[in-house]
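Structural overview
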Amino acid sequence: MPRKRLRDFYSKEAVGFLNHVMKDRPSLPFILPLVFVAWALERWLVRFSNWVPLAVAIWAMIQYGKFQRRILVEDLNKKWTRLILNTLPITPLEPCEWLNKLLMEIWPNYMEPKFSRNFTSIVERRLKHRRPRLIESIKLEDLSLGSCPPSLGMHGIHWSTSGEQRIMRMGFDWDTNDMNIMFLAKMAKPLRGTARIVVNNLHIKGELLIMPILDGQAILFSFESTPEVRIGVVFGSGASQGLPATELPGVSTWLVKICTETLSKTMVEPRRRCYSLPSTNLRKNAVGGLFSVKVVSASKLLGGSTIGGAERWQCSNGMSPSVGSSSGRSLQTLVEVELGELTRRTGVSEGANPTWNASFNMVLHESSGILRFHLYEWTPNNVKYDYQTSCEVKIRYVEDDSTIFWAIGHGSSILAKQAECCGKEVEMMVPFEGENIGELTVRLVVREWQFAGISASGNRSAYVSSQNSVGSGLSQFEPRTGRKLIITVKEGRNLAGKDRSGKCDPYVKLQYGKTLHKSRTIHHASNPVWNQKFVFDEIGGGEYLKIKCYSADIFGDDNIGSACVNLEGIAAGLIKDVWMPLEKVSTGELRLQIEAVNNEGSEGSQRSMKSQGNGWIELVLIEAKDLVAADLSGTSDPYVRVHYGNMKKRTKVVYKTLSPQWNQTLEFPDDGSQLVLHVKDYNALLPTSSIGDCVVEYERLPPNQMADKWIPLQGVKKGEIHVQITRKVPEIERNSSVDSDISSSSKGNHLSTQVSELFGKLRGTAEDGDAENLSLALTKIESLLDAQNGYMLQLEREKALLLSKSSLLDREMSKHRNSSNR
């Protein structure tokens, strides 16, 4: 057996040597036959000589030595590479200086605006929950990070490897006095008035860790330890001049504490933040999402010694809880799922490897969030659950329409998965916090992402019209978009029971802006069916629909859950059917159907412009030709951005052409503003570039007559755009009292009667102190005011009709008199 192994070793060594010689000396197959032929001639034809075998032997020894040295060098290089990766190599300082120079170039125009927006949302959330006693309320007025970026890696960049994860360490030093963060604070007693708190310099210093994940599609970043933070604050009096411009005690310390705690809770190890680097950017602004979370099972929950056939639970701090598993009883656990203010619990399962298979619908109100899973132990005959440990999965929407899920694995490793589209299931096995506690298996599905800005563009004209109209009621205070939202409360399921039978008497309140509606009460039902429709005027600015579910009771209604529904991005004509889980309770869902329609039907926006009385501009963007090539391939991706006063609209993008065809119709209220067309080249990564602009003249056009124009583009060498422009002036329609169901006089008397009755109810409600009915009465009064506005507009139209008829009659009479005089 040893001889066979030795023979195999020499055979392998010989084959390797021959392969090396053949690779290093490609001419060897031609030289060796010549050598053997020369040796044969000398052996048989001439006198025998030993110089040929001796020369071949020496040459073979030299080649074998080179072969051995090459193998040794390759082995040393491999060992050196492993040594370099595991001993924190330091990048020279010069490339770090180049990195900071690059950061200085891109910071003002790209990074600073984006970070300012992100920090604004973070600061506003933190201010809602944390403020000193001297301040009654505080509001963020302005946030700008300035033109001075942080310095990275001034003492070198260190690379290390933890398992399969590469980690880059670099110094982070941000010392700037160019920033401007302004708060407006309302002071509490004994101080009075308002004060402006301005942060004008900031110092943050720490060690930054950067970890690429998902093959470079995203990076995680965090501080290795809590960084050093200093904040410079100046004070001034507010608009009321009620507080002198002196420093407020404790405010600087409070701001430093807020900043330090925010960093510690979000991006100090093992807490990390994620930054996505998608290959494509669809430029969608995600404002929320719907998720399906399934808690499947857990494994290896128990540790320690066995006591009477059961094992004792070990907590994350290494101490056993007071209510451990007793002899003869297995562990019974459940999991609580938390996302914001929404919590749900599984049932109780036994054993060290419990299985729940519990699914829940969850709602996220932002583009990113944290799913937390809390593990509880349940003891029979015990009312409370004993908290044991937890874990979390972070969710983030990516601009290429995918979703990233990531969590902290064993030994601070990274677990990251990506769902390329909605509906794709992702399974993750997340370890609980602590050593050797166990791990949880969950399955996550993104059902839908909600986006902002979809419905706003098509209704901007109606919004402007409502703002400019006379006597538009609440539209002066709420940014109406000109659409109606029809909310149908269909049914509920698994609502929290409040009586002995486990059922309740549920009803629903819906509030949107200042409008409040209430459903009817369903008695003795945990799964009620309402099928009630409620109509709201759509409000811009990201207003949420607030829903509160109550159980009616004689001694005071019980709150059995609430929900917030983001109504942005609802496309007109489509019905959205969704189950919304109730927050701040452990069970319950409501089924809603949401539909957005234009006011007064599909032509609502046009009619709202007609009601203004000035008409509207109809612009048809047909095509363009001979455009300038903006791409290196000799083509462009053109689209048109239309500016009309303060309004902006755009067409679709036509890719890879110099003669695009849009065939899109845009409408604007005729207020005499300048109509400017900007033709641009679309670019997903870089800023869009202009390929010409022009002004469309329409002021001298006759009413209701279309003008077809080819307009040359300005600012470029060539290019024309083909448009059709029409000044639409509505013909005044007479609403005859014979054809109408209610005449103008009877309609006015009817409205007056309704207002008088409502004021009587309002007076009685105010005396009783019923806030709910008071709000409902105010809502009805607002609707009557809108009806009165419509009635006034109708009277104005009839007045204009009468004046036009009167002037026409005067002209006819003057013509008749002139003809008779002749």
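All values reported here derive from a predicted model rather than from experimental measurement.

Rules behind the numbers
- Residues numbered from 1 in each chain as written.
- Predicted model: local features only at pLDDT ≥ 70, side-chain atom pairs only at ≥ 80, totals over all residues.
- Heavy atoms only, no water.
- Helix = DSSP H or I, 4+ residues; strand = E, 2+ residues; numbered from the N terminus.
- Areas by Shrake-Rupley, 256 points an atom, 1.4 Å probe, with all protein chains shown as cover.
- Buried < 20%, exposed > 50% of the residue type's maximum accessible area, 1.4 Å probe, protein only.
- Pairing = 2+ DSSP bridges.
- Axes fitted to C-alpha atoms, helices over the stretch in contact; angles between N-to-C directions.
- Salt bridge = Lys/Arg side-chain N within 4 Å of Asp/Glu carboxyl O.
- Lys, Arg positive; Asp, Glu negative; His and termini not counted.
- Contact = heavy atoms within 4.5 Å.

What about the overall build of the protein?
The number of helices and strands found in the protein is nine helices and 37 strands. A total accessible area of about 46,000 Å² is found for the protein, and carbon and sulfur atoms account for 54% of it.

Overview of unusual backbone geometry
What is expected of a backbone is that most residues other than glycine have negative phi and most peptide bonds are trans. A cis geometry characterises the amide bond from Glu269 onward to Pro270, with omega recorded as 0°. Among the secondary structure elements, Pro270 is positioned in the loop between helix H5 (251–267) and strand S8 (273–276). Not every positive phi belongs to a glycine, and Asp215 is a case in point at roughly 55°. Relative to the elements of secondary structure, Asp215 occurs in the loop between strand S5 (194–213) and strand S6 (218–223). Its relative accessible area of 83% is what places Asp215 among the exposed residues. Phi is positive for His524, which is not a glycine, with a value near 55°. By the secondary structure assignment, His524 is in the loop between strand S24 (515–518) and strand S25 (529–539).

Regarding the sheet that holds strand S15 (residues 355–364)
Reading across the sheet, the four strands line up as S15-S9-S21-S20 and stay open at both edges, with antiparallel pairing between neighbours. The open sheet has two edge strands, S15 and strand S20 (425–431), and neither has a second partner. For this sheet the average axis-to-axis angle between neighbouring strands, irrespective of direction, equals 25°. Where S20 and strand S21 (residues 439–452) come together, seven bridges link them in antiparallel fashion. If you follow Val426 over to S21, its bridge partner there is Leu444.

A look at the pattern of salt bridges
Evaluation of the coordinates by the stated rule reveals 19 salt bridges. Residues Glu269 and Arg272 are paired through a salt bridge, measuring 2.8 Å at the closest nitrogen-oxygen approach. One salt bridge in this structure joins Asp577 and Arg591, with 2.8 Å as the shortest N-O distance. Linking Asp577 in strand S28 (residues 575–581) with Arg591 in strand S29 (residues 589–598), this pair joins segments that are 14 residues apart in sequence. Accessibility expressed as a relative area gives 39% for Asp577, which makes it partly exposed. One network of salt bridges, with partners in common, ties together Arg271, Arg372, Glu392 and Glu433.

Some words on the side chain of Glu583
Locating Glu583 in the fold gives a position in the loop between S28 and S29. No salt bridge is formed by the buried Glu583; its nearest oppositely charged neighbour, Lys584, is found at 6.5 Å. For Glu583, the contacting residues outside a window of four places in its chain are Glu341, Leu342, His365, Gly561 and Ser562.

All quantities given are derived from atomic positions and should not be read as evidence of function.
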